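This is what each chain is made of:
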Amino acid sequence: METEVLRSLRQLVGWTEGDGIFCPGGSTSNMFAMNLARYRLFPEVKSQGLWAVPRLTIFTSAESHYSVKKGAAFLGIGTDNIIVVKVDEGGRIIPEDLDEKIKLTKSQGAVPLLVSCTSGTTVRGAFDPLDRIADVCEKHNVWMHVDAAWGGSVLFSEQHRHLMKGVARANSVAWNPHKMLMAGLQCSALLLQDTTNLLKKCHSANATYLFQQDKFYDVNLDVGDKTVQCSRKVDCLKLWLMWKAVGSIGLAERVDKAFNLVRHLVEQMKKREGFHLLWEPEFLNVCFWFIPPSMRGKEGNADYQDRLANVAPVIKERMIKQGTMMVGYQPLGDKVNFFRMIVLSTLVSKEDMDFSLDEIERLGNDL
């Protein structure tokens, strides 16, 4: 099942061959990609450790997932060696800045190891320009990893797969069906274009009490030595059953429905006073402020930003205590607390979108 599901996911990426493994979450998938990139350049690191490698650098945007930083710390690469690449107004990596920063680290004697792109950033839902990033990675011979944990499922949709144009040029892709497709937690795949058995060479320990090579069946079915885990759950089963039940067309319909609901939500917001979009959503992340009546037209007041920062937390507290909704909020850069509404459930409707706006108004109009 795992082999078949991984093969089908790779086909959606655009690879006819490759490798992969189901991992315990997207953070682990991202960490594995870093480890594989390092092993490809310096296979001696497996036996000799960090003494065998020079200073390595990883490139990613400030809006990438925090697991990139955690992975660099865990693998001994170091968080100081994560180079933050500038983003455009939509939160997408600027390839020209990536190119310049790779050149700079080379001039400082470091080895550029991996570029971690994001397809569907956590807050904004931005998609990095993969084709243009691939040009830079190929120019400098740097491993290109795509963290598509959140956004990867757009590949099921003919209407929206263009958001990941160029993904087939990547070396590795992290994809979490437990996010947008709503497979049961946890269901996270790491996909590789590699056909040299790099995953097994990098992670194997060849335990003879488990991975005997003279078994009566095809020993390629023993995929356990491709991961650093020993015990593993059958995570592939969750996606296999779902895919069998609704088919590729059914999964595509789920993706398209979510986009349609977001369009409806945004249209309704623009018709209502008090809702202020921070930016037009590229994906399913709708980020907005609710401005209570008492604050409208007072943007120039000295205390406006402080007051606005308190609105979302108070409304969130009220909705939870009354048991009507749960919607996340957070600040980003110089932008104070705003709501980040993620639309993905197959069970929600346009009426639910309208209710959510009504409820925010009801809970926040007296602030």
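Because the structure is predicted, anything quoted here is derived from the model rather than measured.

J.: A description of the sheet that holds strand β9 (residues 285–290) should follow, citing residues and the corresponding values.
T.: Ordered in space as β8-β9-β11-β10, the four strands form an open sheet in which the pairing is antiparallel. Each having just a single partner strand, β8 (275–277) and β10 (328–332) make up the two edges of the open sheet. On average, adjacent strands in this sheet sit at an angle of 45° to one another, irrespective of strand direction. In this sheet, strand β11 (residues 335–342) lies alongside β10 in antiparallel orientation, the contact comprising four bridges. Within β11, the residue paired with Q330 across the bridge is F338. Strand contacts of helix α8 (residues 236–271): β8, β9 and β11, with the helix running at about 20° to β9, the strand carrying the most contacts. Sheet strands touched by helix α10 (residues 350–364): β8, β9 and β11. Its angle to β9, the strand with the most contacts, is close to 25°.

J.: Can you tell me about the domain arrangement of the chain, naming the residues and giving the values?
T.: Annotation of the chain at the domain level lists domain 1 (1–246) and domain 2 (272–364). Centre-to-centre, using C-alpha coordinates, domain 1 lies 33 Å away from domain 2. Facing the 17 residues of domain 1 at the interface are 14 residues of domain 2. Around 1,200 Å² of area is buried between domain 1 and domain 2 when both sides are counted, 68% of it from carbon and sulfur atoms. The tally of links from domain 1 across to domain 2 stands at one salt bridge. Measuring nitrogen to oxygen at the nearest pair gives 3.3 Å for the salt bridge that ties E282 to R92.

J.: Which residues make up the packing of helix α9 (residues 304–322) against α10, and what values go with them?
T.: One can describe the packing of α9 onto α10 by two numbers: an axis separation of 9 Å at closest approach and a directional angle of 110°. By the angle between their directions, the pair α9 and α10 is classed as roughly perpendicular. Along the contact surface, α9 presents I315, R318, M319 and Q322, while α10 presents E359, I360, R362, L363 and G364. Taken together, the residues that form the contact of α9 with α10 break down as four nonpolar, two polar and three charged.

J.: Explain the UniProt feature "modified residue: N6-(pyridoxal phosphate)lysine" (unreviewed entry) in the chain to me, and be specific about the residues and the numbers.
T.: Taking the numbering used here, the UniProt-annotated feature "modified residue: N6-(pyridoxal phosphate)lysine" (unreviewed entry) corresponds to K179. Relative to the elements of secondary structure, K179 occurs in the loop between β6 (172–175) and β7 (188–192). Apart from the residues within four sequence positions on either side, K179 is in contact with A149, W150 and L344.

J.: Got a sec to walk through the side chain of T227? Specific residues and values, please.
T.: Counting through the fold element by element, T227 comes out in the loop between α7 (198–203) and α8. When its relative accessible area of 3% is taken as the criterion, T227 is described as buried. From its side chain, T227 meets the backbone nitrogen of Q229 in a polar contact 3.3 Å long.

J.: A description of the sheet that holds β6 should follow, citing residues and the corresponding values.
T.: Taken together, seven strands build an open sheet; the order of strands is β1-β7-β6-β5-β4-β2-β3 and the sheet is mixed. In this open sheet, the two strands that pair with only one neighbour each are β1 (19–23) and β3 (82–85). Taking each pair of neighbouring strands and ignoring which way they run, the sheet shows an average axis angle of 20°. Here strand β5 (residues 143–148) runs beside β6; their pairing, made up of four bridges, is parallel. Bridge pairing in β6 links D147 to A174.

About the cut-offs
Residues numbered from 1 in each chain as written. Predicted model: local features only at pLDDT ≥ 70, side-chain atom pairs only at ≥ 80, totals over all residues. Heavy atoms only, no water. Pairing = 2+ DSSP bridges. Helix = DSSP H or I, 4+ residues; strand = E, 2+ residues; numbered from the N terminus. Axes fitted to C-alpha atoms, helices over the stretch in contact; angles between N-to-C directions. Contact = heavy atoms within 4.5 Å. Domains from an automatic or database assignment. Buried area = accessible area lost by both parts, 1.4 Å probe. Salt bridge = Lys/Arg side-chain N within 4 Å of Asp/Glu carboxyl O. Parallel < 35°, antiparallel > 145°, perpendicular 65-115°, else oblique. Nonpolar A, V, L, I, M, F, W, Y, C, P; charged D, E, K, R; others polar. UniProt positions renumbered as here; feature names shortened; annotations may be inferred. Buried < 20%, exposed > 50% of the residue type's maximum accessible area, 1.4 Å probe, protein only. Polar contact = N/O pair within 3.5 Å; in protein donor to acceptor, adjacent residues only side chain to side chain.

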